[in-house]
Amino acid sequence: MSRQTGSASSAVPSTAFVDEARRGFTEQFGGEPAGVWTAPGRVNVIGEHTDYNDGFVLPMAIDRACHAAAAPRADRVLRVYAAQLGKTVEVSLDALTGPGSAGDTRPADSPDMSPLADPAVTGWAAYPVGVAWVLQQAGFPVGGADIYLTSTVPVGSGLSSSAALECATALALGGISGFELTTAELARHTQRAENIYAGVPCGPLDQMSSAYGEDGSVLFIDTRSGEVRPQPFDLAAEGAVLLVIDTRVSHAHGENGYADRRAACERAAAFLGVPALRDIALADLPETFAKVAVGLDETTARRVRHVVTENARVQQFVAILNHKDFSLPPLGHRMMQSHASLRDDYEVSAPELDVAVATAVAAGAHGARMTGGGFGGSAIALVDTGLLDAVQDAVRAAFAEHGYPEPQFFPAVASAGARRTA
Ligand code: ADP
Ligand code: MG
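Note that the coordinates shown come from a computational prediction; the quantities given were computed from them, not determined experimentally. (Residues numbered from 1 in each chain as written. Chains lettered and ligands numbered in written order. Predicted model: local features only at pLDDT ≥ 70, side-chain atom pairs only at ≥ 80, totals over all residues. Heavy atoms only, no water.)

1. Some remarks on the overall build of the chain
Part 1 of the reasoning: Broken down by element type, the chain carries eleven helices and twelve strands.
Part 2 of the reasoning: Taking 22 Å as the expected radius of gyration for a compact globule of 422 residues, we find that the chain reaches 21 Å, a close match to that expectation.
Part 3 of the reasoning: The buried share of the chain, reckoned over its 422 residues, is 57%.
Part 4 of the reasoning: Look at the contacts in the chain between residues 6 or more apart in sequence, and 74% of them connect residues 24 or more apart.
Part 5 of the reasoning: A total accessible area of about 16300 Å² is found for the chain, and carbon and sulfur atoms account for 51% of it.
Part 6 of the reasoning: Within the chain, the 48 negative side-chain charges are centred at a point lying 1 Å from the centre of the 31 positive side-chain charges. (Helix = DSSP H or I, 4+ residues; strand = E, 2+ residues; numbered from the N terminus. Rg over C-alpha atoms; globule rule 2.2 N^0.38 Å. Buried < 20%, exposed > 50% of the residue type's maximum accessible area, 1.4 Å probe, protein only. Contact = heavy atoms within 4.5 Å. Areas by Shrake-Rupley, 256 points an atom, 1.4 Å probe, with all protein chains shown as cover. Lys, Arg positive; Asp, Glu negative; His and termini not counted. Charge placed at Lys NZ, Arg CZ, Asp CG, Glu CD.)

2. Observations regarding the site of ligand 1
Part 1 of the reasoning: Residues in contact with ligand 1 amount to 18 residues; listed here are only the nearest, Gly156, Gly158, Ser161, Ser162 and His251.
Part 2 of the reasoning: Gly156 places a main-chain nitrogen or oxygen 2.8 Å from an oxygen atom of ligand 1.
Part 3 of the reasoning: Here an oxygen atom of ligand 1 and a backbone polar atom of Gly158 are 3.2 Å apart.
Part 4 of the reasoning: Considered on its own, ligand 1 offers 560 Å² of accessible surface; in the complex 83% of this is hidden by protein.
Part 5 of the reasoning: Grouping the amino acids of the shell around ligand 1 by side-chain chemistry returns eight nonpolar, nine polar and one charged. (Near = heavy atom within 4 Å. Polar contact = N/O pair within 3.5 Å; in protein donor to acceptor, adjacent residues only side chain to side chain. Nonpolar A, V, L, I, M, F, W, Y, C, P; charged D, E, K, R; others polar.)

3. Structural notes on the packing of aromatic side chains
Part 1 of the reasoning: Here the structure, examined in full by the defined rule, presents seven aromatic pairs.
Part 2 of the reasoning: Note that Arg64 overlies the ring of Phe410, its terminal NZ or CZ placed 4.0 Å from the centroid. (Phe/Tyr/Trp six-rings, centres within 6.5 Å; stacked < 30°, edge-to-face > 60°. Lys NZ or Arg CZ within 6 Å of the ring centre and 35° of its normal.)

4. Notes on the pairing of strand β10 (residues 378-384)
It is a general feature of regular strands that their side chains alternate between the two faces of the sheet.
Part 1 of the reasoning: Counting buried positions along β10 yields six of seven residues, so the element is predominantly enclosed.
Part 2 of the reasoning: As paired elements, strand β8 (residues 240-246) and β10 share seven bridges and run antiparallel to each other. Note on β10: the bridge partner recorded for Leu243 is Ala381.
Part 3 of the reasoning: As paired strands, strand β9 (residues 367-371) and β10 are joined by five bridges and run antiparallel to one another. (Pairing = 2+ DSSP bridges.)

5. Focus: the side chain of Arg192
Part 1 of the reasoning: Relative to the elements of secondary structure, Arg192 occurs in helix α4 (residues 183-197).
Part 2 of the reasoning: Not counting the four nearest positions on each side in its chain, Arg192 is found in contact with Arg106, Pro107, Ala108, Ser110, Asp112, Met113, Val134, Gln137 and Tyr197.

6. Examining unusual backbone geometry
Part 1 of the reasoning: Backbone geometry at His49 places phi at a positive 60°, although glycine is not the residue there.
Part 2 of the reasoning: Within the secondary structure, His49 sits in the loop between β1 (35-46) and β2 (56-72).
Part 3 of the reasoning: The phi torsion at Glu347 lies on the positive side, around 55°, for a residue other than glycine.
Part 4 of the reasoning: By the secondary structure assignment, Glu347 is in the loop between α9 (328-344) and α10 (351-362).
Part 5 of the reasoning: Looking at Glu347, the relative accessible area reads 37%, which means it is partly exposed.

7. What to know about the packing of helix α7 (residues 285-295) against helix α8 (residues 298-322)
Part 1 of the reasoning: Where α7 meets α8, the axes come as close as 7 Å, and the angle between the chain directions of the two elements is 155°. Here α7 lies roughly antiparallel to α8, going by the angle between them. Relative to α8, the crossing made by α7 is right-handed. In contact with Leu285, Thr288, Phe289, Val292 and Ala293 of α7, α8 contributes Glu298, Thr300, Ala301, Arg302, Val304, Arg305, Val308 and Thr309.
Part 2 of the reasoning: Partitioned by chemical class, the residues of the contact of α7 with α8 number seven nonpolar, three polar and three charged. (Axes fitted to C-alpha atoms, helices over the stretch in contact; angles between N-to-C directions. Parallel < 35°, antiparallel > 145°, perpendicular 65-115°, else oblique. Left-handed = near helix turned anticlockwise from the far one by under 90°.)

8. Quick look at helix α6 (residues 255-272)
Part 1 of the reasoning: Its 18 residues give α6 an end-to-end C-alpha distance of 26 Å, which sits within 8% of 26 Å, the value for a rise of 1.5 Å per residue.
Part 2 of the reasoning: Here the buried face of α6 lies against α7 and α8.
Part 3 of the reasoning: Remark: Gly273 follows α6 within two positions and exhibits a positive phi of approximately 70°. (Expected span 1.5 Å × (residues − 1).)

9. A word on the domain arrangement of the chain
Part 1 of the reasoning: Taken domain by domain, the chain holds domain 1 (15-230 + 416-420) and domain 2 (233-411).
Part 2 of the reasoning: Taking only C-alpha atoms into account, the centre of domain 1 sits 26 Å from that of domain 2.
Part 3 of the reasoning: Between domain 1 and domain 2, the contact holds 35 residues from the first and 42 residues from the second.
Part 4 of the reasoning: Counting the surface lost from both domain 1 and domain 2, the interface buries some 3100 Å², and carbon and sulfur atoms represent 62% of this.
Part 5 of the reasoning: Contact with domain 2 buries surface across domain 1, with Ile46, Glu48 and His49 losing the most and accounting together for 21% of the total.
Part 6 of the reasoning: The tally of links between domain 1 and domain 2 comes to three salt bridges.
Part 7 of the reasoning: Between Arg369 and Glu48 there is a salt bridge, with the nearest N and O atoms lying 2.8 Å from each other.
Part 8 of the reasoning: Counting the contacts that link domain 1 with domain 2 gives 21 residue pairs in polar contact (both at pLDDT 80 or more). (Domains from an automatic or database assignment. Buried area = accessible area lost by both parts, 1.4 Å probe. Salt bridge = Lys/Arg side-chain N within 4 Å of Asp/Glu carboxyl O.)

Following this line, the structure appears as structure tokens:
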């Protein structure tokens, strides 16, 4: 497939942000950074709330990213400055592991991802410090560091600003401390940091997307086996764009909803006697639905139906992409089905997301859906380039009419994963 180069929507991240990170580092800490490490946010094209059910997802890394400019320190202090917040956190790496502190006796590869009872650091700082803690716990020789973080991923918009921050931090720590992480290690340890240290029960989707991202491709991921299959996704060749519609409604209030959905899936899998809902075949869904509705309750049966049908939609979407002369309407159709299922069966959409999706499609998009965990955040719409302005105008007008905040738009460009950029 052809790479999108030289256009305004180039997949190469602007070096301006890398330079800004270097400059910011010098202003904040003095001296030159030893390097800059960059990790992208993501959109999930289809396959929502399947990643913690051992299922399939189809994300792509985008050209919005977190940049970490870093230098080693002679002592055992980790100092991290977050440019978007104007805040610094400073911790002793040794205080993170000793007995009586935020120590944790679980081995680094323990499947137990429950949160630490008492993490030493909270709020935004738990994300970078959690990464240092997890890497140290896994035996990597993390050294003292100054890290300047700056990000172009909107925060709390369902585009994985948290995973971008974690992956950039992990690579920076490795880069200046002299250890290398495999892509799989990068994804696994950063997810662990978010789960255990920041206390957010996310599945592997976000961190895998940021770690494995490939220029010009979506990633077909089997979250059970960990297999990642990059799939060329050249929308420009089809005369189309994947438009991100950021509703600017933070999904933060959906935390309980997310944990609740996870718990429902685990309950249903246990009731059905399968390791995960991934193991329910589409053909068995009618029977399974009835069984869960009677044995547990109908709400849980609808949760199961979402997961089973969503897994099937990811596979169908990929099968369509694999056709040499695929067309966009069937892809858009799967996106619409996905959104309806998330809205009606899984109940994780939000009025703003529903308006964004319905309006985009009424204005000519092939399809649209919420992306990310839901309860706010962003939608994506598959739009012919010629209709881009019309779709944006229509969504903007609909939001104004409903009294919603003005949405933000930008094209999602399939981009490279976490890496050193300077
Ligand atoms: P998302 O990953 O969808 O953007 P999350 O709630 O998972 O939303 O993560 C957002 C949190 O991650 C923020 O509240 C903050 O704690 C942290 N975070 C993300 N990006 C930054 C940043 N650039 N600077 C400081 N903290 C950040
Ligand atoms: Mg996140």
